[in-house]
Amino acid sequence: MMKKKFGIILVLTWATGVVGFAQNKSLRLHYDKPAAIWEETLPLGNGRLGMMPDGGVSNEKIVLNDITLWSGSPQDANNYEAYKKLPQIRELLLAGKNVEAQALIDKDFVCKGPGSGGAQWGCYQTLGNLDLKFDYQQTNNAEVKFSNYQRELSLNSAVANCSYQVNGVTYKREYFTSFADDVDLIRLTVDKPGTLNFSINISRPERSATSVTGNTLQMQGRMDNGTDGNGMQYLASVKAQLKGGSLSTTANSLVVKNSTEVIIYVSVGTDFRKPDFKQQVQQALEAAMKKPYAVQKQQHTTNYQKLFNRVDINLGPAKSASETTDQQLISFHNNPAADKDMPVLFFQFGRYLSICSTRVGLLPPNLQGLWANQLHTPWNGDYHLDVNVQMNHFPVEVANLSELNLPLVELVRGLVKPGEKTAKAYYNADGWVAHVITNIWGWTEPGESASWGITKAGSGWLCSNIWDHYAFTNDKAYLKSIYPILKGSAQFYSSILIKDPKSGWMVTAPSSSPENSFYLPDGTHASICLGATIDNQIMRELFTNVVTASETLGIDQAFRDTLKLRLKQIPPPGVISKDGRIQEWLEDYKETEPQHRHISHLYGIYPASEITPEGTPELAEAAKKTLNGRGDDGPSWSIAYKLLFWARLHDGNRAYKLFTEIMKPTQRTDINYGAGGGIYPNLLSAGPPFQIDGNFGTTAGIAEMLIQSHAGYIDLLPAIPDSWKDSGSVKGLKARGNFTVDFAWKAGKITGYKITSANARKVKVKVNGEVKEVMTQKG
């Protein structure tokens, strides 16, 4: 009777507390001048294609991307004799001879060949540039003077535009990468008929040939595969549709004269999984050109909004929109309390970037999402497995974009077979393993240096991401499909464990904490050790998830029992050092870099849930000391990770401080491994250089400040900072168990909430400090 009564109160409270929330608030990036650098251009994408226009007046450069465009090719760089050295490596580690063990790994236990530095490993590359050169009929080549310049990206519609005036004529451009017909579109108009004059060129710095056939401008070529040079093929076709004026051609350009409206169509493809890609490029171009522009734009926006409009967030009264986004970023960093819009904008921009940089059936976002302006993208634009690609997916489930986890699932599925070879080659082990980096070609081997390349947390960490999709959806058919992946990873870790004689625990050997090192008692330093903390935390999470999956599916009892035993044998989620921090390694080593960018030994806080303020208060306090010692600075992804940790530790003000730290304006593009970070004028995150994981990690962090569901119940406002307490509301965030959650608050207290699920069922929810069981609404 009490539960039924509470359900009625819940609905009434929701109706009075949130009904006034203004939905579909205008979300945009806007500027009053053209982009002077690439980091000021506007990112557009449809999950396959990317386009970044700079809005130039005399000359516009539009950087083009296709997420599948990679150099390199599949290879087998396993050292099939490596496992023979494993006993010796372990003997050295057990004897405390870490330096000697690391030297042996460098000699005989890394990949064969140059690894990620080789041409065959490959890299993600820019497709090229679409260049528009405008003729304003100036006399004597006079400088073009323009006024009333505006440039904008609408997150609500995934459409960019710019406008300005020259000689009394208003020029407008509109850009989008179509979620309907899978092409790039640029529409140019003038308010004085016949005054639009420009040329269209397409180019890339190497391995390309440009030509014109009829009225079609084309660029095609093939990438270097690292062997015979005949790698991935690509094709870009460009056509223009005019209202008024004339279209002529040169050997490598289209020329528009005296037109009033021009629509440019760009169709792009590669032969990645598409042997008939040239035909598909042509078909997409023809289909798009047959549709009226208004219909094409409406279909694009409708398809995009099916994803984007699932979530609304309001953190308080809107600030005046008079500032341009680059100025707003500066103002926010100087006085965060005065601007409640920037956190909302940045959160929704992260969701926008997820939608635009991946799609079901293709590839997950890489280190730069799908936006790159270089041939050799920093760090190969690849998939780093020691936090980066995982962080790219941290927000997708809670931010109600669950299907965008599936491209990562398929990438991981493709690593199992090569990972089985690697497991045998190096460890003579069961199951499969991936180390610290991968590419679209299925690389699972160790990297080329022991100091970073032997980290084997990658495959287990990936399993955490793909488990999350089940945890949030409750999709048992999906669980059945990924069970072999999870089991294979657990088999690997289980089969490589050895007993540490000092502690009695079963540990990984050799092990390392990603990209970090420590001092040995004699003053030398090393990276290789026994049982790094992240390995122990990942195994504990993975083994527990496989046990749960086995019980849910009613299979594999024998293996389940093996893992239950292993869970009693491996180290706990954390060991507290003599100075009160969580040790990064099994031994209490002194760090060579106390403020190192990686904080791998806190994996148990996030994404795992092994360390919580309620369940393990001593470890939670030790984690706080660890974070205080690490400091708040670093590359943007590192700052974002610390934000996530503090949110999970329920310190909203410290999490918010990290948010303001990441939001510092920058234009640095150098390669940075230490303090720095920041946000570019176009709101992309800086390592520097541009790395998209900082955007995605921060998006996840904002969500964790508002809702958490990892501890067995839905927790509303678990880490709300003082700055957001006045009033606010959320609509459409997700919780584990496939729940959709809406709620509102005033003075830091929940005033109403609604939890919906496919079928009405009971769920535990923590509201204003009290955990209660409620019945969800069917929705």
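Scoring rules and cut-offs
Residues numbered from 1 in each chain as written. Predicted model: local features only at pLDDT ≥ 70, side-chain atom pairs only at ≥ 80, totals over all residues. Heavy atoms only, no water. Helix = DSSP H or I, 4+ residues; strand = E, 2+ residues; numbered from the N terminus. Contact = heavy atoms within 4.5 Å. Pairing = 2+ DSSP bridges. Axes fitted to C-alpha atoms, helices over the stretch in contact; angles between N-to-C directions. Core = buried A, V, L, I, M, F, W, Y, C linked by side-chain atoms within 4.5 Å. Buried < 20%, exposed > 50% of the residue type's maximum accessible area, 1.4 Å probe, protein only. Polar contact = N/O pair within 3.5 Å; in protein donor to acceptor, adjacent residues only side chain to side chain.

Chemist: Help me out: how do you make sense of the environment of Leu 242 in this one?
Modeler: Mapped onto the elements of the fold, Leu 242 is located in strand S13 (residues 233–243). Considered as a pair, Leu 242 and Pro 205 are 37 residues apart in the sequence and their alpha carbons are 29 Å apart. The contacts of Leu 242, once residues within four sequence positions are left out, are Leu 247, Val 256, Ser 259, Glu 261 and Val 262.

Chemist: Can you walk me through the sheet that holds strand S4 (residues 59–66) in this structure?
Modeler: Working definition: the strands of a sheet are paired by backbone hydrogen bonds and lie parallel or antiparallel to each other. Ordered by their spatial adjacency, seven strands build an open sheet running S2-S3-S4-S5-S10-S15-S14, and the pairing between neighbours is antiparallel. Only two strands of the sheet have a single partner each, and these edge strands are strand S2 (44–45) and strand S14 (246–249). Where strand S5 (residues 128–134) lies against strand S10 (residues 196–203), six bridges are found, and the strand directions are antiparallel. Looking across to S10, one finds that Leu 130 is bridged to Ile 202.

Chemist: What is the right way to look at the sheet that holds strand S12 (residues 216–222) in this model?
Modeler: The antiparallel open sheet is built from nine strands, whose spatial order is S1-S6-S7-S8-S9-S16-S13-S12-S11. Bordering the open sheet on either side are strand S1 (28–31) and strand S11 (209–213), each of which pairs with just one other strand. Each strand axis lies, on average, 15 degrees off the axis of its neighbour in the sheet, ignoring direction. Here S13 runs beside strand S16 (residues 261–270); their pairing, made up of ten bridges, is antiparallel. By the bridge assignment for S16, Leu 242 is matched with Val 262.

Chemist: I'm lost on the nonpolar core in this one. Help?
Modeler: In globular proteins that are soluble, nonpolar side chains generally tend to be buried together. Core analysis: the largest hydrophobic core is formed by 234 residues, its most contacted members being Leu 130, Ile 264, Tyr 352 and Tyr 641. Ranked by residue count, the leading element in this core is helix H7 (residues 341–357), at ten residues. Each residue touching Tyr 641, except ones within four places of it in the same chain, is listed here: Val 387, Met 391, Phe 394, Trp 461, Ile 599, Tyr 603, Tyr 606 and Pro 607. With eleven residues, the next largest nonpolar core counts Val 183, Ile 263, Tyr 265 and Ala 288 among its residues.

Chemist: What exactly am I supposed to notice about the environment of Thr 324 here?
Modeler: With respect to the secondary-structure elements, Thr 324 resides in the loop between strand S17 (312–314) and helix H6 (325–334). Its relative accessible area of 11% is what places Thr 324 among the buried residues. In sequence terms Thr 324 and Val 396 are 72 residues apart; their C-alpha atoms lie 28 Å from each other. Polar contacts involving the side chain of Thr 324 include one to the side chain of Asp 326, which spans 2.6 Å.

Chemist: What is the right way to read the pairing of strand S3 (residues 49–53) from this model?
Modeler: Regular strands place their side chains on alternate faces of the sheet. In terms of burial, S3 is largely enclosed, as five of its five residues are buried. Going residue by residue along S3, you find Leu 49, Met 51 and Pro 53 tucked away on one face and Gly 50 and Met 52 tucked away on the opposite face as well. When S2 meets S3, the two strands line up antiparallel, connected through two bridges. In the strand pairing of S3, Leu 44 is matched with Met 51. In textbook terms, the turn of a hairpin is the stretch between consecutive antiparallel strands, and for S2 and S3 this stretch comprises three residues, one of which, Gly 47, has a positive phi near 95 degrees. Of the pairings in the sheet, the one linking S3 to S4 comprises five bridges and is antiparallel in character. Residue pairing in the sheet places Met 52 in a bridge with Val 63 of S4.

Chemist: I would appreciate a short explanation of the side chain of Arg 630 in the present structure.
Modeler: Checked against the element boundaries, Arg 630 lands in helix H16 (residues 617–630). Of the residues examined, Arg 630 reaches a relative accessible area of 2% and is grouped as buried. A polar atom in the side chain of Arg 630 sits 3.0 Å from the side chain of Glu 591. Look past the residues within four positions of Arg 630 in its chain and what remains in contact with it is Asn 516, Glu 584, Glu 591, Pro 594, Gln 595, His 596, His 598, Ile 599, His 601 and Lys 642.

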